[in-house]
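Take a look at the letters that make up each chain.
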Amino acid sequence: MRKNWIVVPALMILLLLPALSVAQGVDEILTPAAEEQLEEPDSWLDAPGAVTVQDKDNDAGDQLLVSFEQPLYTDGIFAYNVYRRIVGEENWNLVKVIPADDPREFIDGYDPEYPIEPGVLYEYRIASVTVDGEEYFGPVCEAGAVSAGEIYHTGKTRVLIASILFIVLIFYYFGKAQRGIKMYMRPIAGIEAIDEAIGRATEMGKPILYVPGISSIADVATIASLTILGRVAKKIAQYQTPLIVPNRDPIVFTVAEEVVKQAYLEAGRPDAFDPDSVFFLTTSQFAYVAGVNGIMMREKPATNFYLGMFYAESLLLAETGSLSGAIQIAGTDAVTQLPFFITTCDYTLIGEELYAASAYLGREPKQIGALKGQDACKAIIMGFITLALVFGIIDVVANTHILDWLRDLVASPIME
Amino acid sequence: MIVMVGGILMILQYFIPHQISQTIFAYYTDWTPIILAFALVLGVGSLTRIHSHKIRRKAKNWQYSYAVLIPLFGMPILAHILPQSLGGGMDSPSIFHFFFMHVQVSIQATMFSLLAFYIASAAFRAFRAKSALATVLLLAAVIVMLGQVPVGELLGKWLPETGLWILRYPNLAAKRAIMLGVGFGMLATNLKIIFGVERNWLGGAGK
């Protein structure tokens, strides 16, 4: 019985041996092929190909357009490192890291640490970076072009044409006004109320507060405000009404002081100019609001002018002025602040009316000519808008694409 | 003449991307902070003069002038003489930092917060339906405001959609019209300044 028990497994092993040998044989056949597939690829296969470099158009000569060929195998590539050096130098600089999914074309020269010098020949080398941080370097490629600055930005031709057209129109109306041709000016309530507001303050014996906005002198709205200040100060000087001009910007303060002084001189009352009437308050936005609001509540000016550029403080100023009982005239080109002024002020100069105010107050021919030039420019724009409307309707009705043609003609992007 | 040459150069610079043009532009703009620094001295001088006069003449509310002059000179002195923390380390800030964070920032935040109350009172005045136009404004405001909050959608899907339509079409059209006018106004003002038609801002009204 014991012998029989040993024979059974022995027979089973004997029967299984051929099967095992067959299976082993199959393994021997399959293994080399599988190993061939799993073999580590040549490092050159994972590295990016040749680099193409072109000079970028419409720049200052500080940018190059770089592109490179994608590697054959991109599995496991995390990013590409772009190295650059001047031809003849030894050290490479890493100028850009491009994620694997991003386009393989980029503009070199944005990094201020590694600027592109005009007329200098560079060479590039791109490396594929694996998740482990290993780099597979592609060939060193000398740039096919050097960077050079252009003397005209071809993308701005439409702007140039429009600018020339508008300048010519404005000069045409300058000339027309100088020849004495009378031109109609639409009455603006806010500007017509300026005289009335100054008169009211004079009758009440109270000061006039003029806020020239809180922006810098670089803002055109501030310059427009200072031109109005000159006209207003001249009238105030004639009536000998006290004037208060608090300033937020130190440069605006110095200009405003000069403008008011000159206005008093022109009105023939230089002695009436109070050097303390124009002053600097603070550069801090809300500290300035606190200061001006304090003046409103203590001095109780009869008239408040808010002309220039305003931000979040517009309502704080105008609402306090409204509570103090002053007549208020505001004007700004800040679209977001206009509703606040319209709500709280008696008169508001909306957008371009701020720029027109000086011409309205001065009534000089050239100023009126400039206004008419502006109107002519707006008429051209209105013409284009009407044309776009008609073309849009034709596109819908006749299934054409003429609106796209007009859009390409007028409104193509100026920057690439 | 300086304004005219500078203005024309700046116009040309916009169309010339060349490095020489960019260098001239940078050279011009580099002057701004220098001028600002000198103007700031004049500004602080003006503020000091006015408030010292007030104190000397014992003018009305002259006591408030001390509240201007003491921090005006105190804060820079503290910042320069005692820039470091008295206790040492980051946990105990310097006196300047303490005053800045616990006085100036708090006061400024208070001023800004007042805006909420002012908006409420201004809205109350604006939305009184005194005329047909004011009623249209009130209705538009109610639709837009309700369209922005979740309860608006509960009242009806048309509410946020109508609110969005008002913002996207009539509102945007009006905004663009204003901005176009502003653009041309700026262009005309700049040309008037460059070619000497408008000299009032330099202190030469009507000349």
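Peer 1: With reference to specific residues and values, describe the overall build of chain B.
Peer 2: A tally of helices and strands in chain B yields 7 helices and 0 strands. Along chain B, helices and strands appear, N-terminal first, in the series α-α-α-α-α-α-α. Expressed as lengths along the three principal axes of its C-alpha atoms, the size of chain B is roughly 65 × 50 × 45 Å. Burial statistics for chain B: of 207 residues in total, 14% are counted as buried. Here the analysis covers contacts within chain B between residues at least 6 apart in sequence; of these, 17% occur between residues at least 24 apart.

Peer 1: Summarise the domain arrangement of chain A; cite the residues concerned and give the values.
Peer 2: When cut into domains, chain A gives domain 1 (43-142) and domain 2 (186-363). A straight line from the C-alpha centre of domain 1 of chain A to that of domain 2 of chain A covers 56 Å.

Peer 1: Would you mind going over the confidence of the model for chain B in detail, with residue names and values included?
Peer 2: Interpretation of the predicted coordinates at a detailed level should be avoided for regions scoring low in pLDDT. Residue and element names in this part refer to chain B. Overall, the prediction assigns chain B a mean pLDDT of 87, with 93% of residues at 70 or greater. By mean pLDDT, the top-scoring element of chain B is helix H7 (residues 158-194) (92), and the lowest-scoring one is helix H1 (residues 2-15) (88). We note a pTM of 0.82 for the whole complex and an ipTM of 0.88 for its interfaces.

Peer 1: Let's hear about the sheet that holds strand S9 (residues 208-211) of chain A: which residues, and what values?
Peer 2: Residue and element names in this part refer to chain A. Spatially, S11-S10-S9-S12-S13-S14 is the arrangement adopted by the 6 strands of the open sheet, whose pairing is parallel. Since the sheet does not close on itself, it has two edges, and those belong to strand S11 (278-280) and strand S14 (347-350), each with one partner. Each adjacent strand pair in this sheet contributes to an overall mean axis angle of 15°, direction not counted. Alignment of strand S10 (residues 243-247) against S11, held across 3 bridges, turns out to be parallel. Bridge pairing in S11 links Asn247 to Phe280.

Peer 1: Lay out the environment of A:Ile350 with the relevant residues and their values.
Peer 2: Position of A:Ile350 relative to the elements: it lies in strand S14. Taking C-alpha positions, A:Ile350 is 8.4 Å from A:Val335, a pair spaced 15 residues apart along the chain. Each residue touching A:Ile350, except ones within four places of it in the same chain, is listed here: A:Leu338 and B:Ile178.

Peer 1: Any details on the interface of chain B and chain A? Residues and values, ideally.
Peer 2: In this complex, chain B contributes 52 residues to the contact, which on the side of chain A involves 68 residues. The element that contributes the greatest number of residues to the side of chain B that touches chain A is H7(B), accounting for 16 residues. Along the lines of polarity and charge, the residues of the side of chain B that touches chain A split into 31 nonpolar, 17 polar and 4 charged.

Peer 1: Lay out the domain arrangement of chain B in plain terms, naming residues and giving numbers.
Peer 2: Residues and elements named next belong to chain B. Each assigned domain of chain B is listed with its residue range as follows: domain 1 (1-81), domain 2 (93-126) and domain 3 (129-207). Between the C-alpha centres of domain 1 and domain 3 the distance comes to 32 Å. Taken together, the contact between domain 1 and domain 3 spans 4 residues of the former and 5 residues of the latter. For the side of domain 1 that touches domain 3, the per-class residue count stands at 3 nonpolar, 1 polar and no charged.

Peer 1: Could you give an account of the pairing of strand S4 (residues 93-99) of chain A, with specific residues and numbers?
Peer 2: Residue and element names in this part refer to chain A. Two strands pair when backbone bridges link them, and strand S3 (residues 77-86) and S4 are joined in this way by 6 bridges, in the antiparallel orientation. From the neighbouring strand, Val82 faces S4, where its bridge partner is Lys96. Between S3 and S4, which follow one another and run antiparallel, lie 6 residues, and Gly88 among them has a positive phi close to 105°.

Peer 1: For the packing of helix H10 (residues 352-362) of chain A against H7(B), give the residues involved together with the corresponding values.
Peer 2: The description of two helices packed together rests on the angle between their axes and the distance between the axes. Their axes nearest at 7 Å, the elements H10(A) and H7(B) cross at an angle of 35°. Between H10(A), through A:Glu352, A:Tyr355 and A:Ala356, and H7(B), the contact on the second element is made entirely by B:Gly181, B:Val182, B:Phe184, B:Gly185, B:Met186, B:Ala188 and B:Thr189. Split by residue class, the contact of H10(A) with H7(B) holds 6 nonpolar, 3 polar and 1 charged.

Peer 1: Give a description of the pairing of strand S6 (residues 122-130) of chain A that names residues and reports values.
Peer 2: Residue and element names in this part refer to chain A. In this structure, S3 lies alongside S6, joined through 9 bridges in antiparallel fashion. What sits directly across from Tyr83, in S6, is Arg125. Sheet topology note: the S6/strand S8 (residues 141-142) ladder contains 2 bridges and is antiparallel. The partner of Glu123 across the bridge, within S8, is Glu142. Bridge analysis of S6 against strand S7 (residues 135-137) gives 3 bridges, and the strand direction is antiparallel. What sits directly across from Val129, in S7, is Glu135. The hairpin formed by S6 and S7 contains 4 residues between the paired strands, and Gly133 there has a positive phi angle of roughly 95°.

Peer 1: Residues and numbers for the sheet that holds strand S1 (residues 51-55) of chain A, please.
Peer 2: All names here are of chain A. Read across the sheet, 3 strands follow the order S1-S2-S5 without closing on themselves; strand pairing throughout is antiparallel. Strands with a single pairing partner mark the edges of an open sheet, and in this sheet they are S1 and strand S5 (105-108). Averaged over all neighbouring strand pairs, the angle between strand axes comes to 25°, with direction disregarded. Two elements, strand S2 (residues 64-68) and S5, share 4 bridges in a ladder whose sense is antiparallel.

Peer 1: Lay out the environment of A:Lys234 in plain terms, naming residues and giving numbers.
Peer 2: Within the secondary structure layout, A:Lys234 lies in helix H5 (residues 220-239). In sequence terms A:Lys234 and A:Lys261 are 27 residues apart; their C-alpha atoms lie 9.3 Å from each other.

Peer 1: Tell me about the environment of B:Leu78, residues and numbers included.
Peer 2: You can see B:Leu78 is positioned in helix H3 (residues 63-81). When sequence neighbours within four positions are dropped, the list of residues in contact with B:Leu78 reads B:Ile95 and B:Phe96.

Peer 1: I'd like to hear about the nonpolar core, residue by residue, with values.
Peer 2: The nonpolar side chains of a soluble globular protein tend to be buried, and buried together. Residues and elements named next belong to chain A. Membership of the largest hydrophobic core comes to 91 residues, with the highest contact counts inside it found for Tyr210, Leu229, Ala233, Ala256, Val260 and Tyr306. At 11 residues, the largest contribution of residues to this core is made by H5. If sequence neighbours within four positions are ignored, Tyr210 has contacts with Leu229, Val232, Leu243, Val245 and Phe305. Of all hydrophobic cores here, the second largest spans 13 residues; its members include Val51, Ile116, Tyr122 and Ala143.

Peer 1: So, helix H4 (residues 189-204) of chain A: which residues are in play, and what are the values?
Peer 2: Residue and element names in this part refer to chain A. Here H4 is 16 residues long and its end C-alpha atoms lie 22 Å apart, about the 22 Å a rise of 1.5 Å per residue gives. Along H4, the positions that sit buried rather than exposed are Gly190, Ile191, Ile194, Ala197, Ile198 and Ala201. Along its buried surface, H4 packs onto S9, H5, strand S12 (303-307), strand S13 (327-332), S14 and H10. At the C-terminal side of H4, Gly205 shows a positive phi close to 70°.

Peer 1: For unusual backbone geometry, give the residues involved together with the corresponding values.
Peer 2: A positive phi angle is found at A:Gln240, which is not glycine, with a value near 55°. One can find A:Gln240 in the loop between H5 and S10. In this structure, B:Asn61 takes a positive phi of about 60° despite not being glycine. Within the element layout of this structure, B:Asn61 appears in the loop between helix H2 (19-57) and H3.

Basis of the calculations
Residues numbered from 1 in each chain as written. Chains lettered and ligands numbered in written order. Predicted model: local features only at pLDDT ≥ 70, side-chain atom pairs only at ≥ 80, totals over all residues. Helix = DSSP H or I, 4+ residues; strand = E, 2+ residues; numbered from the N terminus. Buried ≥ 20, exposed ≤ 12 C-beta atoms within 10 Å, placed from the backbone. Contact = placed C-beta atoms within 7 Å. Domains from an automatic or database assignment. pLDDT = per-residue confidence, 0-100. Pairing = 2+ DSSP bridges. Axes fitted to C-alpha atoms, helices over the stretch in contact; angles between N-to-C directions. Nonpolar A, V, L, I, M, F, W, Y, C, P; charged D, E, K, R; others polar. Core = buried A, V, L, I, M, F, W, Y, C linked by C-beta atoms within 7 Å. Expected span 1.5 Å × (residues − 1).

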